[in-house]
Each structure stands twice: as C-alpha cells, then as structure tokens.
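What the coordinates show
Given next are the chains, with one letter for each unit.
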Amino acid sequence: MIRLPKIIEIKGLTKHFPGVTALSNVDLEITQGEVHVLVGENGAGKSSLIKILCGIYQPDEGEILYLGNKYAPANTQDAIKSGIRVVYQELNLLSYMSVAENIFFERLPSKAGLVDFNKLYRDAKSMLDEVGLKISPRTPVHMLGIAQMQLVEIAKALSGDSKVLILDEPTATLTSKEINRLFEIIKRLKQKGVTIIYISHRLQETFEIGDRITVLRNGLKVDTRLTSEVTIPEIVKMMVGRDMASEYPYQESVKVGAEVFRVEELIYQGNDKPISFSVKAGEILGVAGLIGSGRTETMRAIFGADPKRSGKIFLNGNELVIKQPKDAVDGGICLLTEDRKGQGLILDMSCEVNTSLANLAGVSHSGLMEFRKEADVATRFVDELSIKTSSTKKWVRFLSGGNQQKVVLAKWLFRNCQVLIFDEPTRGIDVGAKYEIYMLLWKLAGQGKAIIVVSSDLPELMGISHRIAVFSNGKIAGEVMRDEFDQEKILSIAYREYLKIGSVKEN
Amino acid sequence: MNAKKILSLLLREAGIGLALLLLCVVFAVAAPRFASATNITNILTQISINTVISVGMTFTILLGGIDLSVGSVLALATIIAGKIITNPSFSVGTAVFLAVLGSMAVTMTCGLFNGFVSERWKIHPFITTLGMLNIARGAALQVSQSRTIFNFPEAFNVFGSLSFFGIPYIFIIAVVVVFVGRFILNRTVFGRMIYAIGNNEEAVRLSGHTPSFYKVLAYVLCGATVGLAAIMYMLRLNISSPILGVGFELKAIAAVVIGGTSMSGGKGSMVGTFLGACIIGVLDNGLILIGMGDFVRQIVTGLIIVVAVIIDTYRAKFSFKTEA
C-alpha cells in the first residue's frame, strides 16, 4: 500500500477530568483523504478526542501535528480556521433562519454593509448541490426533516473549505435510504481529498464506509486496523474487552399472553388515515418505517403528547380517554421519547430528581418530599441498571448518552407502567449499553408488560421483536411475524404507500 | 442540618454573602452612622417589604416567568385593606383581620388572573403582568378616587413601629416569609415541580404532570406575598394610597437576580434572594449616608445589578467546567 501523507498525527494525548481519565497516552495517525472510523463504548474517549481536535478542550499532555506543524487550537474558531470541523450529533442550526443563512452564518456575503442576498442564495444553492440536497436555499430550517438538516450541517461544514471533516454519529437519525445518500457524498468528498473522521455505533456501516478503524476503550487506544482486514466480532471484542454471545438477545422462554393494549382507528393530527394495532402481554412489537412515515407521530398521539383527531385506546379491555400525557401515565402507559435530552430528561438536575419525576407520589408524603426515600430509589436503579455515575446527586448532563438513557428508563420503571412505548431507545448508544437495554426489554416482557419499540435500525428490530408493524406514509402498511422477518420484505412494505402515489416523497 | 450542609450552603451563597459583608464593612468605615443601632433598625425596616415581594417573585422567575404587576397590585391591595380597616362598623380586631383577608384576596385573585391568562392562552407572563400592572393601578385610582386613606386604628399604627431588641416586627415577618418560601421551594413536591418546570417544562409534561397547574399556583403564591407586603407597608406608612409601590417590581426582580436566580428559570435559591434584597437595602441606605446624591445613587445601584449578574455568569461557568 502506498503511504499517503499524514494529515493529523496525535502523540501521547492525555486528558484528565476530576475523577476520570478521559484519554490516556493516545497515539493516532490520520492519513490524508481517508475515512477514519472511531469506535468505542460511551465514555471510551471518542468525544474527548474530538473536542480536543476542534478546540473545545485542551489536552493535559501530548501534542498534535497537523500538516506537519504543531496544532493546538484554543477554541472552535481556531480549529475552523485551520480547516478542521465537526458535524455534531445534536444539530446546531438556527431553526427560524433560512438554509442559506445557516450555511454561511459565519461569513455572510455583504455589499456596502448589507447582506448580499443574491450572492448568498447563489452560493448556498451550489453548496446544496454539492451535498445532493434538492431544496430551496430560502427554506427556513425548521421546515426540514432531520436528515435534511444533517445535510445542511454538512454543507455548512464544507462551505468553510474544510480539510478535515469530523462526523459524529451522522446516521443516528437517518433511514437506510438517507444513509446511502450520505455515503455517496462521503465518497465524493473523499475523492476531493477531504479527510473524514467518522464516529458511529453502527459497526455495519462503518465497515461499509471506512478505510481504517480505530477502537478506543476506557481512554486507551486498543488498535487501529484496516477495515478490510478485520471483522465485526473482532471489533466488538476490542470495544467491550470480552466476547458477547450475540448482538441481540432473543428469549424464547418469554410467554406471550392475552391482548393488553389496543389502538383503534387512531388518526393523528396532520394525517387522514386510521391506524389500528394491538399488543399482547409479554410481547415486544417492533415498529418500522421511514422517518416521517407516522411511527413517532402515532406514538406521541397515543400518549397524548400531541393532539389526535380521533381514535380509541383500550387497556385491558377498558377504554382510556387520553387528552394529555398525564392521562396516559395515570392509565399505565409510558413513552420514552426519541429526543432524550430535550424531552426525556432534566439535564441540569440530578439522577435522583430525574428518576422520581414520573412518580413523585412514591417519594413524598402529603406534599412533602422524602429525600431519603428518593435517594434510596435512585441508588436502587443505579445499581439495577448499572448506571455509571460517581453520585446519584450528579447532574445527568454529565453522564454519557447510554447512561442518560438508562436514567430515562429508571424513571419509567419506577412508575411501573403496563404498556411501555420506546421511541428509538438505542439511538446514539454504544454496543454494551444497547445490549443491556435489550436485556431489560426482555425482563419487562417476562413480567408480562406490553412493549412497543420504534426504531430506524432494522437489524435491531428484527433481533428483538416478536412482530413488526411497518409504517408507510401515515398508515400501517403491513405486519410481519418473527418467522417471516426479512430485511428486504420489511423495506418494501415501508416504501409501498409512497410508491402508490407515484413518487417517493423527498425526505 | 449538619455542619457539612451548612458549609456547602455557605459556599454556594458565599459570593453574594461576602459581597454583602464587604458592603457593610465599607459603609461602616466610610459613614460612622451606618453601624449605629438606629440605622440598623432603619435598614431592616426598609428591606422587609422588598424581601417579602422578592420571595414571591423568586417563584415566578424560577419558572422562567416574571411578575411585573406586584407594585400596582400592592397599591390596589392597600386601598382595599384601607377601606376595610377604616370602616367604623368593625371593631379594631375584626377590622384588621378582615383587612388582611381582603388584601390577600385581592392580590391572590390578581395572581390567579396573571397565571391563568398566561397559561390558558400561552401568553408570556411579561405581557400578561404588564397588563395587570396597568389594570391594578387603574383600579386602585378608581376605587380610591385617587385619594389617600389614613386614620387607621391606633393599635395598628403602633404595631408597625414596634421592635424586639432593635429588630422591627415587620422584619421578623419578612424573615419568617423567607423561611416559609425556602421550605416550600426545597421541601415540597410543589417546589420540586417549580425547579423541574423551570428547567424543562416539556420533560415534566411528558412525565405525566400538568405544568400549567403548578405555574398558575406559583403566580397565586406570588400574589399572596404581595398581599402580605401591602399590609406590612400600611403598618410602616400608616396610610393607603393608589400611588404606592411604583417601581417595586424592578426592585424585587433586582433582588432575585442579584441573589443568583437565573432569568431563564430553573436555577436559584430563596436564601440568595434574601441576600439580594439585603444588598439592595444596604446600598440604598449606605449611599445616602456617605452623602451620595439621589441621581448618582441610581446610577451606582444600576451598575451594581449588572456587575452582580456578570459575576454570577462566571460563577456558573466555573462550576460547569469543574464537573467532568
């Protein structure tokens, strides 16, 4: 193999935080024009490494050479000026400004002190073409889907003439079609000589797109390998430091009982098609479909998070009138929202507060908080779900994604609902934590709960569900039983209703 | 409360506590009269009313809201209470009792209006309470025919000037209100909801609660403190007037903000608010004693509010960075 020039050379990088060593003596070389994949469990040090590269953190020891020169950005601006940019998992766009303004926000073209909108829209159009996004640059960002926003972020990153593009979990919210398009774009960028550092928990796709893969564990670099010379099980083993029996536990022993939960002719706001389905005790119902196909909308309407136009919901044969989330929770239905940080957690409050949030009656007496009890409850769930935190008093903001999700789980477990709806429960979570969440789902199923899991990760759904309901364009286009699970079959159902209209809606 | 808890509380409030101490020392040195017993009694009397209103204001600001109507509502409450207390058909005891009741009823109704309108039609409380600011002032002028009410019962007037070893009774009331406020905020389910809603209302809603209920309640509670403050003001001035309380809302907001409560909600404490009110009171008094003119005093007070908030942002950043 021809040795290409190194663009980034990291030597002995170390970063400490109070009580934790995030990175310990890490050496890493990034070759010009490669797609270099970083994997590791949450807390392995990936984010710290990225944050040092883009100037948010400063290393305690070690140095970085960038294009042969010493590189020590003091802040994000420095990094951007040098040509290193990150597209974060949490998108940082200004919702009510246009796509064009977002792309060129840092340096709007001006003429005589005024924004030159003609040039702005022209330039933005060419950037959008570059990433293959066919929308008007005048569109306000809040009208876009998540996948489109992601592409706008990438366009923004590219507009600054970046040499190194760091993609942090870019596919977490995308459907497989959107992922394919993203990969096309990555390949094109690569041909242009842009170096890409790619972070993802989805190992399958990292093999598809990556040239080399580096595994981090507990702040140490385990190894860097060519993706062509290593297998997924080997990588997983490097990541978790042990063999895992299987990626998806499926437990035959769990008995599926009688019907517990039924939704009849539900029409959510903005839709005109009735949706009906039911879930049995101990059953895990997978819900598949493209983003915008109505899966999340339906779940939110059931839960009362968004208004619904019509429809009935039955629990154990009795109708539940749900006008707001309170009605659903009181009735025994809970929803883990897809937006964990924005809607599931109170980030600047402790693990204890978050755990008791849905069941304050359980930690209070005649209106007064019982803090001892609350602390005990939190400690119990921290142990039970092996949530990694130095204290139950610590703000959940400082926990890793997987541990944050476990706190949300703890909240609903403490509430003890009979029907649990999980919307993207494993998004942006590492392999180890994913496995623990699957095991927990099975434990709940074993207790006779009715479980609904919405996910964009089809292999995951096929791995854990008894049955999969496939949404397509606002209705359930089909249901597939476990013994008939087949990726292509499910995908074809997911697209079915869009094809009927004659064209696939741009998503 | 054990020693460790007291220490951590001190540390958390230390910045502002130290600032208060420093101010006192500076004034005591610059103006010998500042530390005299009479002047201390005077300061304690002056800060009592703002302290009580600020306790109520803390609840609304913790929710990310605000109550601009407190000054006008206070004026309206003094008018209503003044009409009751000067009604000759009541005995003194009954008159005072009914006056307190009337004052609280008026202010809590105004609070209910503020909270309900803001929540029912999702109007920012800034607007709703700005409306109430005008409504209540107008009502006070209308009801009183813009006349001042005096001739309160003698016993009532005397109580207002009584003190217990130099500590005025109305200050003792204010301290009790601070402690009750702190208890509600830190120990009750309602207080927990206030912090939680201020931090992330949507997460609270999706956890099966009705945030609107708690928000409306917070405005009613804020109203209650104003009702009490109105009676305390009458005890002090021995009059009711429709032009009382102008600018009280700004003073209360300043106390809350100096006390470290975030205007975007979710973070802050009652002890901080109390210290904030103390700082404002000490400044008002001390600056006069060192001979500063009225205009310059306003400039200095304004600057100190801004500086206090700037310091607080550094404190927040610092505590943020030290967490891993």
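Residues numbered from 1 in each chain as written. Chains lettered and ligands numbered in written order. Predicted model: local features only at pLDDT ≥ 70, side-chain atom pairs only at ≥ 80, totals over all residues.

1. What to know about the overall build of chain A
The secondary structure content of chain A amounts to 17 helices and 24 strands. The C-alpha atoms of chain A give 24 Å as radius of gyration, which agrees with the globular expectation for 507 residues (23 Å, within 12%). Reported as C-alpha extents along the three principal axes, the dimensions of chain A are approximately 70 × 55 × 50 Å. Taken across its 507 residues, chain A has 47% of its residues classed as buried. (Helix = DSSP H or I, 4+ residues; strand = E, 2+ residues; numbered from the N terminus. Rg over C-alpha atoms; globule rule 2.2 N^0.38 Å. Buried ≥ 20, exposed ≤ 12 C-beta atoms within 10 Å, placed from the backbone.)

2. Topic: the overall build of chain B
For chain B, the helix and strand inventory stands at 12 helices and 2 strands. The helix and strand sequence of chain B, counted from the amino end, reads α-α-α-α-α-α-β-β-α-α-α-α-α-α. Relative to a compact globule of 324 residues, whose C-alpha radius of gyration would be 20 Å, chain B shows 20 Å and is just as compact. Projecting the C-alpha coordinates of chain B onto the three principal axes gives extents of approximately 65 × 55 × 40 Å. A buried classification covers 49% of the 324 residues belonging to chain B. For chain B, restricting intrachain contacts to residue pairs at least 6 apart in sequence, the fraction spanning at least 24 positions comes to 79%. (Contact = placed C-beta atoms within 7 Å.)

3. Thoughts on the interface of chain B and chain A
In many reports, interface size means the accessible area that the parts give up when they come together. Taken together, the contacts link 21 residues of chain B with 30 residues of chain A. The element best represented in the side of chain B that touches chain A is helix α8 (residues 189-206) of chain B, accounting for 11 residues. Among the residues making up the side of chain B that touches chain A, the classes are represented as 7 nonpolar, 9 polar and 5 charged. (Nonpolar A, V, L, I, M, F, W, Y, C, P; charged D, E, K, R; others polar.)

4. With respect to unusual backbone geometry
All names here are of chain A. You will see that L67, though not glycine, has its phi angle at about 55 degrees, which is positive. Looking at where L67 falls in the secondary structure, it is placed in the loop between β4 (61-66) and β5 (69-70). Look at A112: it is not a glycine, yet its phi comes out positive at around 50 degrees. Tracing the backbone shows A112 in the loop between β7 (110-111) and β8 (114-115). Under the C-beta neighbour-count criterion, A112 is labelled exposed, with 5 such atoms within 10 Å.

5. Points about the environment of A:L345
Residues and elements named next belong to chain A. Among the structural elements, L345 can be located in the loop between α11 (340-344) and α12 (351-356). For L345, a count of 28 C-beta atoms within 10 Å gives the class buried. The sequence separation of L345 and N69 amounts to 276 residues, and the corresponding C-alpha distance is 43 Å.

6. Observations regarding the pairing of strand β9 (residues 164-168) of chain A
Residue and element names in this part refer to chain A. Counting buried positions along β9 yields 4 of 5 residues, so the element is predominantly enclosed. Both strand β6 (residues 84-87) and β9 contribute to a ladder of 4 bridges, which runs parallel. The partner of V87 across the bridge, within β9, is L167. Where β9 and strand β10 (residues 195-199) come together, 5 bridges link them in parallel fashion. Looking at β10, one finds that D168 is bridged to I199. (Pairing = 2+ DSSP bridges.)

7. Here we look at the domain arrangement of chain A
Residues and elements named next belong to chain A. For chain A, the domain assignment lists domain 1 (6-240), domain 2 (259-332 + 418-501) and domain 3 (346-416). Centre-to-centre, using C-alpha coordinates, domain 1 lies 32 Å away from domain 2. Listed per partner, the contact involves 14 residues of domain 1 and 11 residues of domain 2. Every element with two or more residues in the side of domain 1 that touches domain 2 is listed here: α5 (146-159) and α8 (232-240). (Domains from an automatic or database assignment.)

8. A look at the sheet that holds strand β12 (residues 220-226) of chain A
Pairing between the strands of a sheet comes from backbone hydrogen bonds, and it takes one of two forms, parallel or antiparallel. Residues and elements named next belong to chain A. Pairing is mixed in the open sheet, where 6 strands are placed in the order β6-β9-β10-β3-β11-β12. Sheet topology places β6 and β12 at the edges, where each strand pairs with a single neighbour. Averaged over all pairs of adjacent strands, the angle between strand axes in this sheet comes to 20 degrees, irrespective of strand direction. (Axes fitted to C-alpha atoms, helices over the stretch in contact; angles between N-to-C directions.)

9. Structural notes on the confidence of the model for chain B
Residues and elements named next belong to chain B. Mean pLDDT for chain B: 90, with 92% of residues reaching 70 or above. When the criterion is pLDDT under 50, residues 320-324 qualifies, and its contacts beyond four places in sequence or with other chains add up to 8 contacts. Confidence metrics for the complex model read pTM 0.77 and ipTM 0.87. (pLDDT = per-residue confidence, 0-100.)

10. What about the packing of helix α4 (residues 92-120) of chain B against helix α5 (residues 125-144) of chain B?
Residues and elements named next belong to chain B. At their nearest, the axes of α4 and α5 sit 9 Å apart, and the two run at 145 degrees to each other. At the point where α4 passes α5, the crossing takes the right-handed sense. Along the contact surface, α4 presents C110, F113, N114, V117 and S118, while α5 presents P125, T128, T129, M132 and A136. By residue class, the composition of the contact of α4 with α5 is 6 nonpolar, 4 polar and no charged. (Left-handed = near helix turned anticlockwise from the far one by under 90°.)

11. Brief notes about helix α14 (residues 401-415) of chain A
Residue and element names in this part refer to chain A. The terminal C-alpha atoms of α14, which comprises 15 residues, lie 22 Å apart, in line with the 21 Å expected from a rise of 1.5 Å per residue. Among the 15 residues that make up α14, 14 are buried, leaving the element largely enclosed by the rest of the structure. Of the residues one or two after α14, N416 is the one with positive phi, at around 55 degrees. (Expected span 1.5 Å × (residues − 1).)

12. Quick word on the environment of B:R120
All names here are of chain B. Here R120 lies in helix α4. Since 10 C-beta atoms lie within 10 Å of it, R120 is described here as exposed. For the pair R120 and V216, spaced 96 residues apart in the sequence, the C-alpha separation amounts to 9.7 Å.

13. Brief notes about α5(B)
All names here are of chain B. For α5, built from 20 residues, the straight-helix expectation of 28 Å at 1.5 Å per residue is met to within 8% by its first-to-last C-alpha distance of 27 Å. Taken as a whole, α5 has its buried residues at P125, T128, T129, M132, A136, R137, A139, A140 and S144. For α5, the angular spread of the buried residues around the axis is 165 degrees, confining them to a single face. Set apart from the buried face of α5 by more than 90 degrees, the exposed residues are I127, N134 and Q142. The inward-facing, buried residues of α5 abut α2 (37-62), α3 (70-85) and α4. Backbone geometry just downstream of α5 places Q145 in the positive-phi region, at approximately 55 degrees. (Arc of directions from axis to C-beta.)

14. Notes on the nonpolar core
Residues A:I421, A:V470 and B:L74 are the most contacted members of the largest nonpolar core, which totals 235 residues. Per-element accounting of this core gives the leading share, 17 residues, to helix α9 (residues 211-237) of chain B. Look past the residues within four positions of B:L74 in its chain and what remains in contact with it is B:V226, B:A229, B:A230, B:Y233, B:L244, B:G245 and B:F248. (Core = buried A, V, L, I, M, F, W, Y, C linked by C-beta atoms within 7 Å.)

15. Some words on the sheet that holds strand β17 (residues 318-320) of chain A
Residues and elements named next belong to chain A. The 4 strands are arranged β14-β13-β16-β17 in an open sheet whose pairing can be described as antiparallel. Unpaired on one side and paired on the other, β14 (275-280) and β17 mark the two borders of the sheet. In this sheet, adjacent strand axes meet at a mean angle of 20 degrees when their direction is disregarded. The sheet contacts of helix α9 (residues 295-303) involve β13 (259-268), β14 and β16 (308-315), and relative to β13 the element is tilted by about 110 degrees.

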